[in-house]
Amino acid sequence: GSKWSYIGPDGEKAWPKKYPFCGGLFQSPIDFHKDILQYDSNLLPLEFIGYNVSSTDQFTLTNNGHSVKMYLSPTMYIRNLPFEYTASQLHLHWGNRNKSEGSEHTVSGKHFAAEMHIVHYNSEKYPNIAAAMDKADGLAVLAILLEIGPFNPSYEKIFRHFRNVKYKDQTAQVPGFNIRELLPDRLDEFYRYEGSLTTPPCYPSVLWTVFRHPVKISQEQLLALETAMYCTESDDPEPLEMVDNFRNVQEFRERLVFISFRE
Ligand SMILES: NS(=O)(=O)c1c(F)c(F)c(S(=O)(=O)CCO)c(N[C@H]2CCCc3ccccc32)c1F
Ligand SMILES: [Zn+2]
């Protein structure tokens, strides 16, 4: 990615200088607290088509210097949104080994340990994500909150490759599996709001679906996520740990978050 980071002079306070949308409206992430939540009985659970990818197929996992991201298959898409949205990639946000509070969205001011995002683009209206990513109805991102619990064999299908993407621009091949296994059981309970990319260029182009129920991964899996990767290339004399790669919550005024569940 271009010159921005989560720490130091190119950190999030400086983003609007190079990326004006980052200082604009509809910014994500946000805190979910009761006086901005409104129950909406019309919110339908998402349908996941093509998420069960054969193990003879492969996903490319890569370290892009900001996050670890896995490209998904263009045969994967979601329905029950205003349009059909095709999967593009998934990536994660996390904290550090001394403070496992690296989720982007918070609930009543509380961070979760980490957060996974599955990025989709509106394939009914746009030919690819590059055309979609700066359009108001261009993207749909699913967010799964991660917390500590038992070892999670499904997440391990990705995490076991972290040692091969330690440095920026390294890649690894992940055998296909059912990406539905990475989602919580209750797909019918979620937060829904219109927001933005949480990284530059921060386009206000994202319809967010944040699942209410967190998914559990083990302490050891979380530590691997927090300690495996670097933002720098393998030959960089000053390696920078990839930690705390989450944006702080943004002001959310005169807007509502719609919830599919009653408190
Ligand atoms: N939190 S977030 O807003 O979901 C989010 C990230 F946090 C994140 F790091 C990325 S990135 O890894 O691409 C590095 C920075 O662009 C993305 N990429 C999206 C939007 C930007 C362009 C693009 C092009 C192809 C596929 C995905 C994307 C992102 F959407
Ligand atoms: Zn993200």
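Keep in mind that this is a model prediction, so the values were computed, not measured. (Residues numbered from 1 in each chain as written. Chains lettered and ligands numbered in written order. Predicted model: local features only at pLDDT ≥ 70, side-chain atom pairs only at ≥ 80, totals over all residues. Heavy atoms only, no water.)

Asker: Would you mind going over the overall build of the protein chain with me for this structure?
Answerer: Secondary structure summary: the protein chain contains 4 helices and 16 strands in total. Radius of gyration (C-alpha) of the protein chain: 17 Å, near the 18 Å computed for a compact globule of 263 residues. Counting across all 263 residues of the protein chain, residues that qualify as buried make up 52%. Residue pairs in contact within the protein chain that sit at least 24 positions apart in sequence constitute 73% of those at least 6 positions apart. Carbon and sulfur atoms make up 51% of the accessible area of the protein chain, which amounts to about 12,300 Å² in all. For the protein chain, the centre of its 26 positive side-chain charges and the centre of its 33 negative side-chain charges are spaced 1 Å apart. (Helix = DSSP H or I, 4+ residues; strand = E, 2+ residues; numbered from the N terminus. Rg over C-alpha atoms; globule rule 2.2 N^0.38 Å. Buried < 20%, exposed > 50% of the residue type's maximum accessible area, 1.4 Å probe, protein only. Contact = heavy atoms within 4.5 Å. Areas by Shrake-Rupley, 256 points an atom, 1.4 Å probe, with all protein chains shown as cover. Lys, Arg positive; Asp, Glu negative; His and termini not counted. Charge placed at Lys NZ, Arg CZ, Asp CG, Glu CD.)

Asker: For this particular structure, what's the right way to read the pairing of strand E14 (residues 206-211)?
Answerer: For a regular strand, the rule is simple: side chains alternate between the two faces of the sheet. The buried fraction of E14 amounts to 6 of the 6 residues, a majority that puts the element mostly inside the structure. Side chains of E14 alternate between two faces, with Val206, Trp208 and Val210 and Leu207, Thr209 and Phe211 buried alike. The pairing of strand E11 (residues 139-148) with E14 spans 5 bridges and is parallel. In the strand pairing of E14, Leu142 is matched with Thr209. Pairing between strand E13 (residues 190-195) and E14: 6 bridges, direction antiparallel. Across the sheet, Tyr193 pairs through a bridge with Trp208, a residue of E14. (Pairing = 2+ DSSP bridges.)

Asker: How do you make sense of the pairing of E11 when you look at a structure like this?
Answerer: By the criterion of burial, E11 is predominantly enclosed, with 8 of the 10 residues buried. Sheet analysis places strand E10 (residues 114-122) next to E11, joined by 8 bridges and oriented antiparallel. Counterpart to Val119 in the pairing with E11 is Val141. Relative to strand E15 (residues 215-217), E11 runs parallel, the two being bridged by 3 bridges. Counterpart to Glu147 in the pairing with E15 is Lys216.

Asker: Which parts of the structure should I look at to understand the coordination of the zinc ion (ligand 2)?
Answerer: Geometry reference: four tetrahedral donors at a metal, ideal angle 109.5 degrees. Six octahedral donors, ideal angles 90 or 180 degrees. Within the protein, the zinc ion (ligand 2) binds to His91 (NE2), His93 (NE2) and His117 (ND1); these donor distances fall in the range 2.0 Å. Because the angles between the 4 donor atoms bound to the zinc ion (ligand 2) fall within 100 to 117°, the donor set is best described as tetrahedral. Read in sequence order, the donor residues for the zinc ion (ligand 2) give the motif H-x1-H-x23-H. On the criterion of sequence distance, the pair formed by His91 in strand E7 (residues 85-94) and His117 in strand E10 is long-range, its members being 26 residues apart. Taken individually, His91 and His117 each receive the classification buried, so the pair is uniform in this respect. (Donors = N, O, S within 2.8 Å, 3.2 Å for Na, K, Ca; no water. Tetrahedral: all angles 85-135°; square planar, octahedral: opposite > 155°, others 65-115°.)

Asker: What exactly am I supposed to notice about helix H4 (residues 219-227) here?
Answerer: An α-helix turns once every 3.6 residues. As a result, residues three or four positions apart point the same way. Along H4, the residues classified as buried are Gln221, Leu222, Leu225 and Glu226. All buried residues of H4 fall inside an arc of 135° around its axis, so they share one side. Packed against the buried residues of H4 are E7, E10, E11, helix H3 (153-159) and E15. (Arc of directions from axis to C-beta.)

Asker: What should I look at first to understand the sheet that holds strand E8 (residues 106-107) in this one?
Answerer: Whether parallel or antiparallel, the strands of a sheet pair through hydrogen bonds between backbone atoms. Spatial ordering of the open sheet is given by E1-E8-E9, a layout of 3 strands whose pairing is mixed. Of all strands in the sheet, those bounded by a partner on one side alone are strand E1 (31-32) and strand E9 (110-111). Sheet analysis places E1 next to E8, joined by 2 bridges and oriented parallel. The residue of E8 that forms the bridge with Asp31 is Thr106.

Asker: Would you mind showing me how to read the site of ligand 1 here?
Answerer: Of all residues adjacent to ligand 1, which total 16 residues, the nearest are Asn64, His93, Leu197, Thr198 and Thr199. Here an oxygen atom of ligand 1 sits 2.9 Å away from a polar atom, N or O, in the side chain of Asn64. The separation between an oxygen atom of ligand 1 and a polar side-chain atom of Gln89 is 3.5 Å. Look at ligand 1: alone it shows 560 Å² of surface, and the protein chains cover 88% of it. Judged by the proximity of its atoms to the pocket grid, ligand 1 belongs to the largest pocket. Among the secondary structure elements, those contributing two or more residues to the shell around ligand 1 are E7 and E10. Counted by class, the shell around ligand 1 contains 6 nonpolar, 8 polar and 2 charged residues. (Near = heavy atom within 4 Å. Polar contact = N/O pair within 3.5 Å; in protein donor to acceptor, adjacent residues only side chain to side chain. 1 Å grid on protein atoms, 1.4 Å probe; cavity = no way out; pocket = protein on both sides within 12 Å on 5 of 7 lines; lining within 4 Å. Sits in = over half its atoms within 2 Å of the grid points. Nonpolar A, V, L, I, M, F, W, Y, C, P; charged D, E, K, R; others polar.)

Asker: Can you help me understand a negative patch on the surface in this one?
Answerer: Together, Glu233, Asp235, Asp236 and Glu238 line one region of the surface with negative charge. Among the secondary structure elements, Asp235 is positioned in the loop between H4 and strand E16 (257-259). (Patch = residues over 30% accessible without salt bridge, like charges linked within 9 Å, V, L, I, M, F, W, Y side chains within 5 Å. Salt bridge = Lys/Arg side-chain N within 4 Å of Asp/Glu carboxyl O.)

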